[in-house]
Amino acid sequence: MIEVKNINKSFADKKVLNNFSGYFETGKMNLIIGKSGSGKTMAVKCMLGLFSVDSGDILFNGRDFINISEYEKTKIRQEIGMVFQGGALFDSMTIEDNIMFPLKMFSGLNIIDMIDRVNFCLNRVNLKNVNTLFPSELSGGMQKRVAIARAIALKPKYLFCDEPNSGLDPSTATVIDNLLKEITYEYNITTVINTHDMNSVMEIGDNIVYIEDGKKEWEGDKRNFLSSGNKKLNEFIFSSKLFKKLKSAI
Ligand SMILES: Nc1ncnc2c1ncn2[C@@H]1O[C@H](COP(=O)(O)OP(=O)(O)O)[C@@H](O)[C@H]1O
Ligand SMILES: [Mg+2]
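What you are looking at is a predicted structure, and each value in this text was computed from that prediction instead of being measured.

Some remarks on the domain arrangement of the protein
Part 1: You can read the domains of the protein as domain 1 (2–79 + 156–249) and domain 2 (92–154).
Part 2: Each of domain 1 and domain 2 has a C-alpha centre, and these two points are 25 Å apart.
Part 3: Taken together, the contacts link 12 residues of domain 1 with nine residues of domain 2.
Part 4: For the side of domain 1 that touches domain 2, the element with the highest residue contribution is helix 6 (residues 170–187), accounting for six residues.

Pasting the structure below:
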């Protein structure tokens, strides 16, 4: 589980995170949702230690992630898998080398075991016979699967995905969402997903944190999401394409 407690982050005089908090449970799909520019990516970058916070606490399974050395941070980071916005594969490396990259850095496995692990991960995301191809030879959805395979290569305890289905058509987006959900449940991972897509929220969310202007405006179980009574959250929900479509269908 990951606990984020009252983190603040400013650039010059712009407050990007304003006492942001969230509780992200093990084995659950924890979603940070909000409009574009609300601070989702920055919240996750602070949780990964890519940006330092001005104040506040972040705990990974109870372990302090703020007041520790870079060396200790690196150790916790090895327990984290990431799927960046846009996939972020290395274009000049084959698919096999992309997935092997974190294994070479941190696993200590020999080459045969590394290739075994690569193939296991590719198989887990339902890809076969793509080892020697380059990212540009795959569709957007397949690239996203490779990014997921790479993110799970080191058997992470935590998985962060920033807008994992951005740029995908709706049916591919659903496939990717469901794959992330299956993997989260199967390996009991604490998964944190940033999204502004209401389809994803309804389909795969377990816990939801709603962020607006860097502030947590609502947090709860998806079962209470539509009946929260929270004005800001409702505005976000009912301005989404999904709900406009539903309204016009009634
Ligand atoms: N490196 C940065 N320096 C200054 N401002 C930033 C930086 N990164 C993001 N911001 C600002 O922080 C706010 C939140 O951005 P971001 O976290 O990317 O939002 P989201 O992911 O929800 O779309 C935006 O106003 C953005 O301009
Ligand atoms: Mg973002």
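Now, onward.
Quick word on unusual backbone geometry
Part 1: Unlike most non-glycine residues, asparagine 61 shows phi in positive territory, near 45 degrees.
Part 2: Position of asparagine 61 among the secondary structure elements: in the loop between strand 4 (55–60) and strand 5 (63–64).
Part 3: At asparagine 126, a residue that is not glycine, the phi angle is positive and equals roughly 60 degrees.
Part 4: Secondary-structure assignment places asparagine 126 in the loop between helix 4 (111–124) and helix 5 (140–152).
Part 5: Residue classification places asparagine 126 among the exposed positions, given that 11 C-beta atoms sit within 10 Å.

Here's the deal with the sheet that holds strand 1 (residues 2–11)
Part 1: Strand order in the open sheet formed by four strands is 2-1-4-5, with antiparallel pairing between adjacent strands. The open sheet terminates on both sides in strands that have one partner only, identified here as strand 2 (14–24) and strand 5.

Let's talk about the site of ligand 1
Part 1: As a structural note, the neighbourhood of ligand 1 is formed by Phe11, Val16, Gly34, Ser36, Gly37, Ser38, Gly39, Lys40, Thr41 and Met42.
Part 2: Ranked by residue count, the leading element in the shell around ligand 1 is helix 1 (residues 40–47), at three residues.
Part 3: When the residues that make up the shell around ligand 1 are grouped by side-chain class, the tally is three nonpolar, six polar and one charged.

Things to note about helix 3 (residues 95–106)
Part 1: When helix 3 is considered as a whole, its buried residues turn out to be Ile95, Asn98, Ile99, Met100 and Leu103.
Part 2: Buried residues along helix 3 sit against helix 4 and helix 5.
Part 3: Two residues or fewer past helix 3, glycine 108 is found with a positive phi of approximately 75 degrees.

Observations concerning the pairing of strand 6 (residues 80–83)
Part 1: Burial along strand 6 is two-sided: the face carrying Ile80 and Met82 and the face carrying Gly81 and Val83 are both buried.
Part 2: As paired elements, strand 6 and strand 7 (residues 158–162) share four bridges and run parallel to each other. Across the sheet, the residue bridging to isoleucine 80 is tyrosine 158, located in strand 7.

Brief notes about the sheet that holds strand 6
Adjacent strands of a sheet form backbone hydrogen bonds with each other and so pair up, either parallel or antiparallel.
Part 1: Taken together, six strands build an open sheet; the order of strands is 6-7-8-3-9-10 and the sheet is mixed. Two strands close off the open sheet at either side, each with one partner strand: strand 6 and strand 10 (215–221). Each strand axis lies, on average, 15 degrees off the axis of its neighbour in the sheet, ignoring direction.
Part 2: In this fold helix 1 packs onto strand 3 (29–33), strand 7, strand 8 (190–195) and strand 9 (207–212), with an angle of close to 150 degrees to the strand it touches most, strand 8.
Part 3: Here helix 6 sits on the sheet in contact with strand 3, strand 7 and strand 8, set at roughly 160 degrees to strand 8.

As for the environment of lysine 216
Part 1: As for its placement among the helices and strands, lysine 216 is situated in strand 10.
Part 2: On the basis of neighbour counts, which here come to 21 C-beta atoms within 10 Å, the residue lysine 216 falls in the buried class.
Part 3: When the C-alpha atoms of lysine 216 and asparagine 188 are compared, they prove to be 26 Å apart, with 28 residues separating the residues in sequence.
Part 4: Residues contacting lysine 216, with those up to four places away along its chain left out, are Phe20, Ser21, Gly22, Val209 and Ile211.

Section: the nonpolar core
Burial of nonpolar side chains together is a common tendency in soluble globular proteins.
Part 1: Counting 61 residues, the largest nonpolar core has Ala43, Ile99, Cys121, Ile148, Ala149, Phe160 and Tyr210 as its most contacted members.
Part 2: Per-element accounting of this core gives the leading share, six residues, to helix 5.
Part 3: Summarising the domain contributions, this core has at least three residues from each of domain 1 (2–79 + 156–249) and domain 2 (92–154).
Part 4: Setting aside its immediate chain neighbours within four residues, cysteine 121 contacts Ile99, Ala149, Ile152 and Ala153.

Comments concerning the pairing of strand 3
Part 1: Of all five residues in strand 3, five are buried, a share of seventy percent or more.
Part 2: The alternating pattern of strand 3 places Met29, Leu31 and Ile33 and Asn30 and Ile32 on opposite faces, both of which are buried.
Part 3: As paired elements, strand 3 and strand 8 share five bridges and run parallel to each other. When the bridges of strand 8 are listed, methionine 29 appears paired with threonine 191.
Part 4: Note: strand 3 against strand 9, four bridges, orientation parallel. Residue asparagine 30 lies in a different strand from strand 9, and its bridge partner there is asparagine 207.

Definitions and limits used
- Along every chain, residues carry numbers that run from 1 in the direction the sequence is written.
- Going through the entries in the order they are written, you letter the chains from A and number the ligands from 1.
- Given that this is a predicted model, residues contribute local features only at a pLDDT of at least 70 and side-chain atom pairs are listed and counted only at 80 or more, while totals for whole chains, interfaces and linings are drawn from all residues.
- The split of the chain into domains comes from an automatic or database domain assignment.
- Two residues qualify as a contact pair if the distance between their C-beta atoms, derived from the backbone, is within 7 Å.
- Helix numbers and strand numbers start at the N terminus; a helix is a DSSP run of H or I with at least 4 residues, a strand a run of E with at least 2.
- In this scheme the burial state of a residue depends on its C-beta neighbours within 10 Å: 20 or more other such atoms mean buried, 12 or fewer mean exposed, and anything in between means partly exposed; the C-beta positions come from the backbone.
- Any two strands with at least two DSSP bridges between them are considered paired.
- As used in this record, a residue near a molecule or strand is one whose C-beta atom, placed from the backbone, is within 6 Å of it.
- Under the scheme applied here, ten amino acids are nonpolar (Ala, Val, Leu, Ile, Met, Phe, Trp, Tyr, Cys and Pro), four are charged (Asp, Glu, Lys and Arg), and all others, including Gly, are polar.
- Geometry is summarised by axes, namely lines fitted to C-alpha atoms with helices restricted to the contacting stretch, and by angles between N-to-C directions that run from 0 to 180 degrees.
- Joining buried Ala, Val, Leu, Ile, Met, Phe, Trp, Tyr and Cys residues through C-beta atoms within 7 Å gives a set, and that set is a nonpolar core.

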